[in-house]
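# Remarks on the overall topology
Chain residues, written in single-letter form:
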Amino acid sequence: QLQLVESGGGLVQAGGSLRLPCAAASGRTSMPPTTGWFRPPPGKEREFVAASSWGCGDTDYADSGKGRSTISRDAAKDTVYLKMNSLQPEDTAIYYCAASPRAMATMNTGDDTSWGRGTQVTVSS
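Summary of the structure given here. (Residues numbered from 1 in each chain as written. Predicted model: local features only at pLDDT ≥ 70, side-chain atom pairs only at ≥ 80, totals over all residues. Heavy atoms only, no water.)

### Details of the pattern of salt bridges
As a reminder of what qualifies: Salt bridge, as used here, is a side-chain nitrogen of Lys or Arg placed within 4 Å of a carboxyl oxygen of Asp or Glu. Helix numbering and strand numbering both begin at the N terminus, where a helix is a DSSP run of H or I of at least 4 residues and a strand a DSSP run of E of at least 2. For every residue, the accessible area (1.4 Å probe, protein chains only) is compared with the maximum for its type, and the residue is labelled buried under 20%, exposed over 50%, or partly exposed between those bounds.
Summed over the entire model, instances satisfying the criterion amount to five salt bridges. A salt bridge links Asp91 to Arg39; the nearest nitrogen and oxygen atoms lie 3.1 Å apart. Here Arg39 lies in strand 4 (residues 34–39) and Asp91 lies in the loop between strand 8 (79–84) and strand 9 (93–100), a separation of 52 residues in the sequence. We note that Asp91, like Arg39, is buried. Residue Lys66 pairs with Asp63 through a salt bridge whose shortest N-O separation is 3.2 Å. By sharing partners, the salt bridges in this structure join Arg39, Glu47, Arg68 and Asp91 into a single network.

### Concerning the state of the cysteines
To keep it simple, the criterion reads: Any two cysteine sulfur atoms lying within 2.5 Å of each other are counted as a disulfide.
Following the criterion strictly, the structure yields one disulfide and no others. Between the sulfur of Cys22 and that of Cys97 lies a disulfide, 2.0 Å long from S to S. Sign of the S-S torsion, about -80° for the bond between Cys22 and Cys97, identifies this disulfide as left-handed. Of the two residues, Cys22 sits in strand 3 (residues 18–24) while Cys97 sits in strand 9, which places them 75 residues apart along the sequence. A relative accessible area of 0% places Cys22 in the buried class.

### Details of the environment of Arg19
The topology assignment puts Arg19 in strand 3. Overall, the relative accessible area of 49% leaves Arg19 in the partly exposed class. Considering only alpha carbons, one finds Arg19 and Leu82, 63 residues apart in sequence, at a separation of 5.6 Å.

### So, the environment of Ala76
Relative to the helices and strands, Ala76 is located in the loop between strand 7 (69–74) and strand 8. For Ala76, a relative accessible area of 80% translates into the label exposed. Separated by 55 residues in sequence, Ala76 and Pro21 have C-alpha atoms that sit 14 Å apart.

### Considering the nonpolar core
Here is the rule we go by: We define a nonpolar core as any set of buried Ala, Val, Leu, Ile, Met, Phe, Trp, Tyr and Cys residues linked to one another through side-chain atoms lying within 4.5 Å.
If you look at the biggest cluster of nonpolar residues, it comprises 23 residues, and the most contacted ones within it are Leu20, Trp37, Leu82 and Tyr95. Among the secondary structure elements, those contributing two or more residues to this core are strand 3, strand 5 (47–53), strand 8, strand 9 and strand 11 (119–124).

Pasting the structure below:
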């Protein structure tokens, strides 16, 4: 499977912003057409944050992130980004990048979905 590497996490104050890049570790393999971000908040199950199907240009966001999150892609760098604004303490979690040949709705459970190791985001109040 494709190896993904996330970065950009860290400690930020409430109201701040972060941009999380996700790149393919191997330069010889391109990102699959569907990429997304997920997070398991402390003590909770993994939840959807944002995703995009680049072939058709569709994007989707969790209700908690609509209006303050943006998923984007730099095709030349084969890198996907998650930009989050107005961060709140409840956004604290490890953020995982995922890439899949599947549609957005099924990428979370697909055996052919690749996952990164995650990057920690901590928002202080």
